[in-house]
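Listed here are the chains, written in short residue letters.
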Amino acid sequence: MREVEVTTQQELDQALAAGHYPILRSGYYEIFDSASVRAFDSASVTASGSASVRAYDSVSVRASGSASVSAYGSASVRASGSASVRASSCVAIHDHGPDTRIKGGVVIPIHTPENGREWCEFYGLKVSKAGRVTLFKAVGDDWKGNTKTEVSYEPGSKPAAPDWHPAPSCGQGLHFSPRPWMAEKYNYDATRYVACPVDVETLVVLDDKVKAPRVVGKIFECDQDGEPLEVKS
């Protein structure tokens, strides 16, 4: 098996299809089934199914299903489901359970947020006295997100979901992330970020994102850190 360094998700998929052993050094990647990779430097990997990851340096790994992770150095791991993790002494492991198997590392048991307020507290988000919180979306030049519905998040607008349902599953709502850069994983083709005020009591928790029936305040464009961008005259 030949080792191949890759720089994009497409290159990773091609390397795996060719039977190579991918090396990741930066960027965000997803692997599943029985795929196996080695990650270095600042790469970020989401592994599910029976995928396997060897992580070094400052790599971040999110493991679920029956994925297995070997982590070293200052790597960090978020483990859930029945994922297994073997780690050296300085690796931080966020254990979301319920059937994870962990050996070594610094284990941090995590209480999974069950409602909008707990989720906001978990991600360090400020909720106003009026019960509003500003969340984020990664969109394209047309102000639309990577969804099946044609909802526009154009600055100044206050869109509503045409198919809202409070079921704790993807779809049937407007989806948001706690930070602009965290929204990138849900829209690889994004070119802009927008900030969206929503009602915290309406939020439905979907792991590291939430969904809401509508935006309750005017949307504004922002940078990767959530700071408003100046409007050009």
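Structure: see above.
It should be emphasised that the depicted structure is a prediction, and the values quoted were computed from it without experimental measurement.

1. Quick look at the overall build of the chain
Consideration 1: Helix and strand content of the chain: three helices and 17 strands.
Consideration 2: For the chain, whose C-alpha radius of gyration is 19 Å, the value lies close to the compact-globule estimate of 17 Å for 233 residues.
Consideration 3: A total of 233 residues make up the chain; the buried ones form 42% of that total.
Consideration 4: Looking at the chain alone, contacts between residues at least 24 apart form 36% of all its contacts between residues at least 6 apart.

2. A look at the packing of aromatic side chains
Consideration 1: Using the criterion set out here, one finds five aromatic pairs in the structure.
Consideration 2: A ring pair is formed by F40 and Y56, whose centres lie 4.9 Å apart and whose planes are at 10°; its orientation type is stacked. Within this pair, whereas F40 is found in the loop between β4 (36-39) and β5 (44-47), its partner Y56 is found in the loop between β6 (52-55) and β7 (60-63), the two being separated by 16 residues in sequence.
Consideration 3: Classification of F40 as buried rests on a relative accessible area of 17%.
Consideration 4: On the basis of relative accessibility, which here comes to 22%, the residue Y56 falls in the partly exposed class.
Consideration 5: For the pair Y153 and F176, a centre-to-centre distance of 6.3 Å together with 90° between the ring planes defines the contact as edge-to-face. With Y153 in the loop between β12 (132-139) and β13 (174-176) and F176 in strand β13, this pair connects stretches of sequence that are 23 residues apart.
Consideration 6: Classification of F176 by relative accessible area gives buried; the value is 1%.
Consideration 7: One aromatic cluster is present, built from ring pairs that chain together F40, Y56 and Y72.

3. Quick notes on the pattern of salt bridges
Consideration 1: Counted according to the given criterion, the structure contains ten salt bridges.
Consideration 2: Between E5 and R25 there is a salt bridge whose closest N-O contact spans 3.2 Å. On the criterion of sequence distance, the pair formed by E5 in strand β1 (residues 3-6) and R25 in the loop between β2 (21-24) and β3 (28-31) is long-range, its members being 20 residues apart.
Consideration 3: The closest approach of N and O atoms between R192 and E221, which form a salt bridge, is 3.5 Å.

4. Some details on the layout of surface pockets
Consideration 1: By volume, the largest pocket is sized at about 760 Å³.
Consideration 2: Lining of the largest pocket is provided by 29 residues; of these, S44, S60, W181, M182 and D208 occupy positions nearest its centre.
Consideration 3: Within the residue set of the lining of the largest pocket, elements represented by two or more residues are β5, β7, β9 (76-81), β10 (84-98), α3 (180-183) and β14 (192-199).
Consideration 4: When grouped by side-chain class, the residues that make up the lining of the largest pocket number twelve nonpolar, eleven polar and six charged.

5. What about the sheet that holds strand β15 (residues 204-206)?
Consideration 1: Taken in spatial order, the three strands of this open sheet run β13-β16-β15, and their pairing is antiparallel. The open sheet has two edge strands with one neighbour each: β13 and β15. Pairs of neighbouring strands in the sheet enclose a mean axial angle of 30°, with direction left out of account.
Consideration 2: Pairing analysis gives three bridges linking β13 to strand β16 (residues 209-212), with the strands arranged antiparallel. Across the sheet, residue F176 finds its bridge partner in β16, namely V210.

6. As for the state of the cysteines
Consideration 1: For the structure on display, the rule yields zero disulfides.
Consideration 2: Unpaired in terms of disulfides, C196 finds its nearest cysteine sulfur in C222, a separation of 8.2 Å.
Consideration 3: Taking relative accessible area as the criterion, C196 reaches 0% and is therefore assigned buried.

7. Observations concerning the nonpolar core
Consideration 1: Core analysis: the biggest nonpolar cluster contains 30 residues, and L24, I31, V53, A71 and V77 have the highest contact counts within it.
Consideration 2: Among the elements that make up this core, the one with the highest residue count is β10 (four residues).
Consideration 3: In this view, A71 contacts A55, V77, R86, A87, S88 and V91; residues no more than four positions away in its chain are not counted.

8. Considering the side chain of R62
Consideration 1: In this structure, R62 sits in strand β7.
Consideration 2: There is a polar contact of 2.9 Å between the side chain of R62 and the side chain of D208.
Consideration 3: Those residues in contact with R62 that sit more than four places away from it in its chain are V45, T46, A47, R78, K185, D207 and D208.

Rules used throughout
Residues numbered from 1 in each chain as written. Predicted model: local features only at pLDDT ≥ 70, side-chain atom pairs only at ≥ 80, totals over all residues. Heavy atoms only, no water. Helix = DSSP H or I, 4+ residues; strand = E, 2+ residues; numbered from the N terminus. Rg over C-alpha atoms; globule rule 2.2 N^0.38 Å. Buried < 20%, exposed > 50% of the residue type's maximum accessible area, 1.4 Å probe, protein only. Contact = heavy atoms within 4.5 Å. Phe/Tyr/Trp six-rings, centres within 6.5 Å; stacked < 30°, edge-to-face > 60°. Salt bridge = Lys/Arg side-chain N within 4 Å of Asp/Glu carboxyl O. 1 Å grid on protein atoms, 1.4 Å probe; cavity = no way out; pocket = protein on both sides within 12 Å on 5 of 7 lines; lining within 4 Å. Points joined across faces, edges and corners; volume = space filled by probe spheres on them. Nonpolar A, V, L, I, M, F, W, Y, C, P; charged D, E, K, R; others polar. Pairing = 2+ DSSP bridges. Axes fitted to C-alpha atoms, helices over the stretch in contact; angles between N-to-C directions. Disulfide = S-S within 2.5 Å. Core = buried A, V, L, I, M, F, W, Y, C linked by side-chain atoms within 4.5 Å. Polar contact = N/O pair within 3.5 Å; in protein donor to acceptor, adjacent residues only side chain to side chain.

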